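Observations on the model geometry
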There are 2 protein chains.
Amino acid sequence: MNWEERLSRAGWRITMPRRVVMWVLQQAGHPLSPQEIHARGRRFHRSLGLVSVYRALAVLEQVGLVRRVHREDRCDGYILASPGHHHILLCRGCGRTVEFPGAEDLSGLIAHVERRTGFRVEDHLLQLVGLCPPCRGSRLRSRPSGWETTGQEK
Amino acid sequence: MNWEERLSRAGWRITMPRRVVMWVLQQAGHPLSPQEIHARGRRFHRSLGLVSVYRALAVLEQVGLVRRVHREDRCDGYILASPGHHHILLCRGCGRTVEFPGAEDLSGLIAHVERRTGFRVEDHLLQLVGLCPPCRGSRLRSRPSGWETTGQEK
DNA sequence: CTCTTAATGAAAAATTTTTTCAAAAAGAGT
DNA sequence: ACTCTTTTTGAAAAAATTTTTCATTAAGAG
């Protein structure tokens, strides 16, 4: 099911601003701020307003098509979300963003924390930051399936 | 070593605004925004400026005495940091924040991710959100050592 | 094609964060 | 304690970000 269908089924209309935001994020492959999305989006859709970018992001995030990226200094970046709960791996060199599944790998840690604190853990926020192969200067390896790059392959 | 010593050794002066920010965060035990810190801080130090709160937070964070808390909707909360790299467990009921060590528990996951993506992982951001014992309505359990509550025990 | 309702864009308002700069105060050395 | 140098402060202004308002436009169901 494509994003338009998902959006539509969730009761939202397929509009130009929303389409543009999706296009832009698709092509970027790394987190973009509302400002950046707006700037790039205008190339496709001249009259695009910044407000609409904010509104589109809010809707798309709610539907799970877009994800906010949290970095130590700024938290205004958005990337395309692959379906399901994924985590984010961010290259500090080029900003390239990869999502990966693996909530399972956290279950041990979570169980441990629950035992020791008495908390009931309901949700988590996990992001990894590092260097991608090109930025490390090493040769690129094949990327196995299930590990999708957010956005277009370069 | 207390925080004043740590700050001092890092080359910073012990000033009233910095002291007030530490006091306020100590007493709160849950994330506070600069605004909130400012409001509470004025009770101790009438002339405290909001700007100084921002500046104090920047310095204290850099020295590792204070940590920023990332939540889905807002990322402007700060808590006292216990020494070392800890993770944050946040109660969505009362906001109570507990830090826990456990970078080790992530090493498996990180190794896995590195193998599959070719990235070299350098840092991570992990936060858990859940319900603390009081907010779940259950009896409070003892909190083992090494699991410190940020701020004052209630 | 029409009609209803959601969504848009522009402007204004509200918030949040940063910059600037003269005055105050930390703290090292008398 | 007192002096001196340098950092730090607080206020105001500026910049940047996000939200609200509202008349107009355009989705998409019928």
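As the structure is a computational prediction, the values presented were derived from the model and not from experiment.

**Brief notes about the interface of chain B and chain A**
At the junction of the two partners, chain B supplies 45 residues and chain A supplies 45 residues. Contact between chain B and chain A buries roughly 4,100 Å² in total, counting both sides, with carbon and sulfur atoms accounting for 60%. Between chain B and chain A we count 2 salt bridges in total. Measuring nitrogen to oxygen at the nearest pair gives 2.5 Å for the salt bridge that ties B:Glu122 to A:Arg92. Counting across the chain B and chain A interface gives 16 residue pairs in polar contact (both at pLDDT 80 or more). If you list the elements that add at least two residues to the side of chain B that touches chain A, you get β3 (87–91), β4 (97–100), α5 (104–117), β5 (120–131) and α6 (133–136) of chain B. Here the side of chain B that touches chain A gets 12 residues from one element, more than from any other, and that element is β5(B). Taken together, the residues of the side of chain B that touches chain A break down into 21 nonpolar, 9 polar and 15 charged. The pairing of strand β5 (residues 120–131) of chain A with β5(B) spans 11 bridges and is classified as antiparallel. Bridge pairing in β5(B) places A:Leu128 opposite B:His124.

**Re the layout of surface pockets**
Approximately 530 Å³ is the volume attributed to the largest pocket. Looking at the lining of the largest pocket, the elements with two or more residues in it are β3 (87–91) and β5 of chain A together with β1 (66–69), β3 and β5 of chain B. Residue contributions to the lining of the largest pocket peak at 5 residues, all from β5(B). Residues that form the lining of the largest pocket fall into these classes: 9 nonpolar, 12 polar and 9 charged.

**Considering the protein's contact with DNA strand C**
DNA strand C sits among 19 residues. The nearest are A:Ser52, A:Arg55, B:Arg13, B:Ile14 and B:Tyr54. By atom count, sugar and phosphate contribute 65% of the portion of DNA strand C lying within 4 Å of the protein. A:Ser47 places a main-chain nitrogen or oxygen 3.3 Å from a phosphate oxygen of DNA strand C. Among the elements of the structure, α2 (16–28) and α4 (50–63) of chain A together with α4 (50–63) of chain B are those that each provide at least two residues to the surface near DNA strand C. The dominant element in the surface near DNA strand C, judged by the number of residues it contributes, is α4(B), at 4 residues. Here the surface near DNA strand C is built from residues that sort into 8 nonpolar, 6 polar and 5 charged.

**With respect to the protein's contact with DNA strand D**
Close to DNA strand D lie 19 residues; A:Ile14, A:Tyr54, B:Thr15, B:Ser52 and B:Arg55 are nearest. Counting only the atoms of DNA strand D that lie within 4 Å of the protein, the sugar and phosphate share comes to 64%. Residue B:Arg18 places a side-chain N or O atom 3.1 Å away from a phosphate oxygen belonging to DNA strand D. Within the residue set of the surface near DNA strand D, elements represented by two or more residues are α4 of chain A together with α2 (16–28) and α4 of chain B.

**A few points about the pattern of salt bridges**
Any two side chains of opposite charge can pair, on the condition that their charged atoms come close. Summed over the entire model, instances satisfying the criterion amount to 10 salt bridges over all chains. A salt bridge links B:Arg120 to B:Glu114, with the shortest nitrogen-to-oxygen separation between them at 3.5 Å.

**Considering a nonpolar patch on the surface**
On the surface, a nonpolar cluster with roughly 280 Å² of combined accessible area is contributed by A:Met16, A:Trp23 and A:Phe44. For A:Phe44, the location among the structural elements is in the loop between α3 (34–41) and α4.

Conventions we followed
- Residues numbered from 1 in each chain as written.
- Chains lettered and ligands numbered in written order.
- Predicted model: local features only at pLDDT ≥ 70, side-chain atom pairs only at ≥ 80, totals over all residues.
- Heavy atoms only, no water.
- Contact = heavy atoms within 4.5 Å.
- Buried area = accessible area lost by both parts, 1.4 Å probe.
- Salt bridge = Lys/Arg side-chain N within 4 Å of Asp/Glu carboxyl O.
- Polar contact = N/O pair within 3.5 Å; in protein donor to acceptor, adjacent residues only side chain to side chain.
- Helix = DSSP H or I, 4+ residues; strand = E, 2+ residues; numbered from the N terminus.
- Nonpolar A, V, L, I, M, F, W, Y, C, P; charged D, E, K, R; others polar.
- Pairing = 2+ DSSP bridges.
- 1 Å grid on protein atoms, 1.4 Å probe; cavity = no way out; pocket = protein on both sides within 12 Å on 5 of 7 lines; lining within 4 Å.
- Points joined across faces, edges and corners; volume = space filled by probe spheres on them.
- Near = heavy atom within 4 Å.
- Patch = residues over 30% accessible without salt bridge, like charges linked within 9 Å, V, L, I, M, F, W, Y side chains within 5 Å.
- Areas by Shrake-Rupley, 256 points an atom, 1.4 Å probe, with all protein chains shown as cover.

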